[in-house]
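Below, each chain spelled out in residue letters.
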Amino acid sequence: MFEEDFAQTPLLSGLNPEQLAAVTYPAEPLLILAGAGSGKTRVLTTRIAWLLHTAQAQPHNVLAVTFTNKAAKEMRTRLGAMVSHSLRRMWLGTFHGLCHRFLRIHHREADLPPSFQVLDSADQLALIKRLLKQAGISEEAVVPRVLQGFINAQKENGLRAADLDAPDPHTKRLIACYADYEQTCRREGTADFAELLLRAYEVLNARPELLAHYQSRFTHILVDEFQDTNALQYRWLTLLAGGGAALCAVGDDDQSIYRFRGARVGNMADLMTAFGIDAPVKLEQNYRSAGNILAAANAVIARNRKRLGKNLRTGAGAGEPIRFYSAADDAAEARFIAGEIQALRQEGLPLAHMAVLYRSNAQSRILEQTLFAERIPYRIYGGLRFYERAEIKHALAYLRLAVHRDDDHALLRIINMPPRGIGARTVEQIQQQAQSAGVSLFAAAVQLAGASAKIAAFVRLIHDLHERAQVADLAELTAYTVAASGLHDYFAKQKIPAERERTENLDELVNAARFFRPEEAAGWDGVSADTAGVAAVAAFLGHAALEAGDNQADGGQDAVQLMTVHAAKGLEFDAVFVSGLEEGRFPGEQSLGDAEAIEEERRLMYVALTRAKRRLYLSMAQQRMLHGMTRTGVPSRFVGEIPENLLHFLSPKPARRGAGHFDRFGAAQTAAAGGGFYAGLRVRHTKFGKGVVLAAREAGGSVRVKVNFGSAGIKELDTAFARLEMED
DNA sequence: ACCGTAGAATTTTTT
DNA sequence: ATTCTACGGT
């Protein structure tokens, strides 16, 4: 048996039995259920390395898919250190990145122009707004965001506008807009994120010879974070694996926290049925957290009904108890956290090894203020990324026009940026001309150039860029564009220093173009690696849309990490603070009446808890400023789900009431401020029936409560008038 | 063309 | 409270 032999090689040494089983599993469909901190990435990369090592596969036989660029990069790096093979011909990347590459290679079969552009979400939304305006539909009749969600949801279900029909007029209108949107994208040569996946899927599905080629090429397909896949990603994967490839999916149903963006945990169970997998290989040995932390996480997640079933264990000792602090208000909670951070720092723990987590971004403000006041350096995750900055998007719009002059969206973005005297009126004229002549905005501008010197100058600029784009080197073209467009000068002349700093970003963009190598970006094969010409520009623009850059603030110095629980997934820290643990915050108020939503929040809590290696703090505020109002809160049910013997109360221990599933301990002291009502309380109304209180607040002497009555909807009531009975 | 202000919204996020 | 957006005035 070669497993025996290879168990001796450095590649497989150090793996525990379950990891070894997963890595050396035969070339058959396989589902790995990998708990938090169980060495999931290591198993996945080692399996690929083992496949190459044992010559079961060549790099070009492997398709490895992740969700984020970061995960893909890490995998490539780690794999590179494990094997001597060249990984250039291995398809390793994100779903979107790989589909993008596929469509660049097969743009002809996909009926896309060679220079087709990728729309990011902001581009997509802007396109939708423009489209609604053109069709004369008000944004109240069709809310742009709703339409965007509708279109993406349809695409994720594999449905085109032509496939849809609906009885009600509103949905009918959405479908009509979807059709309009499809047509505009087609005319302008653009593809949104969902389109990349859907188009790639459709091309494979419609072309048996192409599908057969890829099915026989990819004998091993590996997927990371499988619990986050949506319906379309699942179909794409199973289509490619349908020719008998060994599909290896790694995931953790307990860490499925992206239902809101279409993730289907059910894909794990479906995969087992579809591919005849009897049981998943479980990785339950945790290498991250101390015993108490793990016990708490296990106890919390055990409350969820729908689980594939898994229980983490650790070889480490129990460690410290979990600390719980209930602060009087949000400011006091922040001060407590700052104080503990200082203390840990004194003990020699680097700040970078500590993280403060919260459910929603709004909670970061008070923490930031407090940390700033206490002179504790912090780094906050989230916010604008490099390629999302306005000045960068402006510059990219010029590049887009350079390679594709019919891109109306790009034209509208920069026709008067920097200001060149082409205002709303002139733009309207151009739009009218385009409409009546049935041509793109740029073509219309060409037609009108004789009538306006300003339009003529703009047309000349775009023509100039277009000509250079055919021959110039990408970096040269970018540098020329930034200067010739007037963007650089415009920002350089601004009064506000922050505006002037935008020129640095433009310089940085030129730099990025200089170092951009298409073949390195994703290991392209079949696509020219030339850095000159239209193809290079298109590839660079695709890279900018698909890889928006880092979204964490300035790195460098030792700093506490602040982020949402979602952003913390996959990371680990010695000390973790989970803040804002109140009913209505975490779990969020929109989840309170909904059992499915509560389970997702509980998984989120599970993710939060399992980030901690050695020390875990849980904290809450009895009163919190929210939307300009002081709201009262009771401890999160999730705190009550942690066995009491694991907790150490740093504040007076709140009274526990009831022995059931939901211990509303602390309710007695804090509910007073809400007139006896608090989030999570079950009530009954004579007319609306049973409901759950989402929020209680005092307004002008009276107490108003927001209640979710389920089918009767969400109502806001004044307790002085409404006849609400507490159900207990 | 630019600026100011009134009104609305307000989980989570990657691509 | 705050932040963003849309609209209207100068």
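Residues numbered from 1 in each chain as written. Chains lettered and ligands numbered in written order. Predicted model: local features only at pLDDT ≥ 70, side-chain atom pairs only at ≥ 80, totals over all residues. Heavy atoms only, no water.

For chain A, an unreviewed UniProt entry supplies the name DNA 3'-5' helicase and the organism Conchiformibius kuhniae. Listed under Sequence similarities (unreviewed entry) in UniProt, the entry text for chain A is "Belongs to the helicase family. UvrD subfamily." (UniProt positions renumbered as here; feature names shortened; annotations may be inferred.)

Let us look at the pairing of strand β12 (residues 354-358). The buried fraction of β12 amounts to five of the five residues, a majority that puts the element mostly inside the structure. Residues Met-354, Val-356 and Tyr-358 point to one face of β12 and Ala-355 and Leu-357 to the other, with burial holding for every one of them. Pairing between β12 and strand β15 (residues 573-578): four bridges, direction parallel. The residue bridging Met-354 from the neighbouring strand is Ala-575, located in β15. Judged from the four bridges that link them, β12 and strand β14 (residues 560-564) form a sheet pairing that is parallel. By the bridge assignment for β14, Tyr-358 is matched with Thr-564. (Buried < 20%, exposed > 50% of the residue type's maximum accessible area, 1.4 Å probe, protein only. Helix = DSSP H or I, 4+ residues; strand = E, 2+ residues; numbered from the N terminus. Pairing = 2+ DSSP bridges.)

Going from Met-417 to Pro-418, the amide bond is cis rather than trans, its omega being 0°. As for its position among the elements, Pro-418 is in the loop between α17 (408-414) and α18 (424-437). Of note, the bond from Phe-586 into Pro-587 is cis; its omega dihedral lies within 30 degrees of zero at 10°. Mapped onto the elements, Pro-587 comes out in the loop between β15 and α28 (595-609). Non-glycine residue Arg-375 carries a positive phi angle of around 55°. Examined against the element boundaries, Arg-375 turns out to sit in the loop between α15 (364-373) and β13 (378-380).

Note that Ser-452 resides in the loop between α19 (441-448) and α20 (453-471). Only 3.2 Å separates the side chain of Ser-452 from the backbone nitrogen of Lys-454, close enough to count as a polar contact. From its side chain, Ser-452 meets the backbone nitrogen of Ile-455 in a polar contact 3.1 Å long. (Polar contact = N/O pair within 3.5 Å; in protein donor to acceptor, adjacent residues only side chain to side chain.)

What follows covers the pattern of salt bridges. Close approach of charged atoms allows side chains with opposite charge to pair. All told, the structure shown has 43 salt bridges when counted by the stated rule. Residue Arg-615 is joined to Glu-320 by a salt bridge in which the shortest nitrogen-to-oxygen separation is 2.8 Å. Taken together, the residues span a long stretch of sequence, with Arg-615 in strand β16 (residues 612-626) and Glu-320 in the loop between β10 (313-314) and β11 (322-329) at a distance of 295 residues. The class of Glu-320 is partly exposed, set by a relative accessible area of 26%. Among the salt bridges present, the one from Glu-572 reaches Lys-613, with a minimum N-O distance of 3.5 Å. (Salt bridge = Lys/Arg side-chain N within 4 Å of Asp/Glu carboxyl O.)

What follows concerns the protein's contact with DNA strand C. Near DNA strand C you find Lys-129, Glu-139, Arg-365, Met-625, His-627 and Gly-628, and these make up its full shell. Near the protein, meaning within 4 Å, the atoms of DNA strand C are sugar or phosphate in a fraction of 40%, with bases accounting for the rest. Taking Lys-129, its side chain carries an N or O atom lying 3.2 Å from a phosphate oxygen of DNA strand C. Within the side chain of Arg-365, a nitrogen or oxygen atom sits 2.4 Å from a phosphate oxygen of DNA strand C. Residues of the surface near DNA strand C, tallied by class, amount to one nonpolar, two polar and three charged. (Near = heavy atom within 4 Å. Nonpolar A, V, L, I, M, F, W, Y, C, P; charged D, E, K, R; others polar.)

Contacts to DNA strand B come from 26 residues, most closely from Ser-121, Arg-359, Asn-361, Arg-385 and Gly-423. Restricting attention to atoms of DNA strand B within 4 Å of the protein, one finds that 53% of them are sugar or phosphate atoms. A distance of 2.6 Å separates a phosphate oxygen of DNA strand B from a polar side-chain atom of Arg-385. Along the lines of polarity and charge, the residues of the surface near DNA strand B split into eight nonpolar, 15 polar and three charged.

We now examine the environment of Leu-562. Summarising the element assignment, Leu-562 is placed in strand β14. Assessed through its relative accessible area of 0%, Leu-562 is described here as buried. For the pair Leu-562 and Tyr-381, spaced 181 residues apart in the sequence, the C-alpha separation amounts to 6.3 Å. The contact partners of Leu-562, leaving out residues within four places of it in the chain, are Val-356, Tyr-358, Leu-367, Glu-368, Leu-371, Tyr-378, Arg-379, Ile-380 and Tyr-381. (Contact = heavy atoms within 4.5 Å.)

It is worth spelling out the packing of helix α16 (residues 390-403) against helix α24 (residues 502-515) at this point. It is at 9 Å that the axes of α16 and α24 come closest, and there the two elements cross at 45°. By the criterion of interaxial angle, the relationship of α16 to α24 is oblique. Judged by the sense of rotation from one axis to the other, the crossing of α16 with α24 is right-handed. Along the contact surface, α16 presents Ala-390, Glu-391, Ile-392, Ala-395 and Leu-396, while α24 presents Arg-502, Asn-505, Leu-506 and Leu-509. Looking at side-chain class alone, the contact of α16 with α24 contains six nonpolar, one polar and two charged residues. (Axes fitted to C-alpha atoms, helices over the stretch in contact; angles between N-to-C directions. Parallel < 35°, antiparallel > 145°, perpendicular 65-115°, else oblique. Left-handed = near helix turned anticlockwise from the far one by under 90°.)

What follows deals with the environment of Tyr-387. Looking at the element boundaries, Tyr-387 is found in the loop between β13 and α16. Placed 157 residues apart in sequence, Tyr-387 and Ala-544 show a C-alpha to C-alpha distance of 6.0 Å. What Tyr-387 contacts, discounting residues up to four positions off in sequence, is Ile-392, Lys-393, Leu-396, Leu-509, Ala-512, Phe-540, His-543, Ala-544, Glu-547, Ala-548 and Gly-549.

Under the feature "domain: UvrD-like helicase ATP-binding" (unreviewed entry), the UniProt entry names residues 13-290. Counted over residues 13-290, helix gives 50% and strand 13%. Its end C-alpha atoms are 24 Å apart.

Once that is clear, we can look at the packing of aromatic side chains. Per the stated rule, a full pass over the model turns up 16 aromatic pairs. Here the aromatic residues Trp-91, Phe-102, Tyr-214 and Phe-218 are joined through ring pairs into a cluster of three or more. Between Arg-101 and the ring centre of Trp-91, over which it is positioned, the NZ or CZ distance is 4.3 Å. (Phe/Tyr/Trp six-rings, centres within 6.5 Å; stacked < 30°, edge-to-face > 60°. Lys NZ or Arg CZ within 6 Å of the ring centre and 35° of its normal.)

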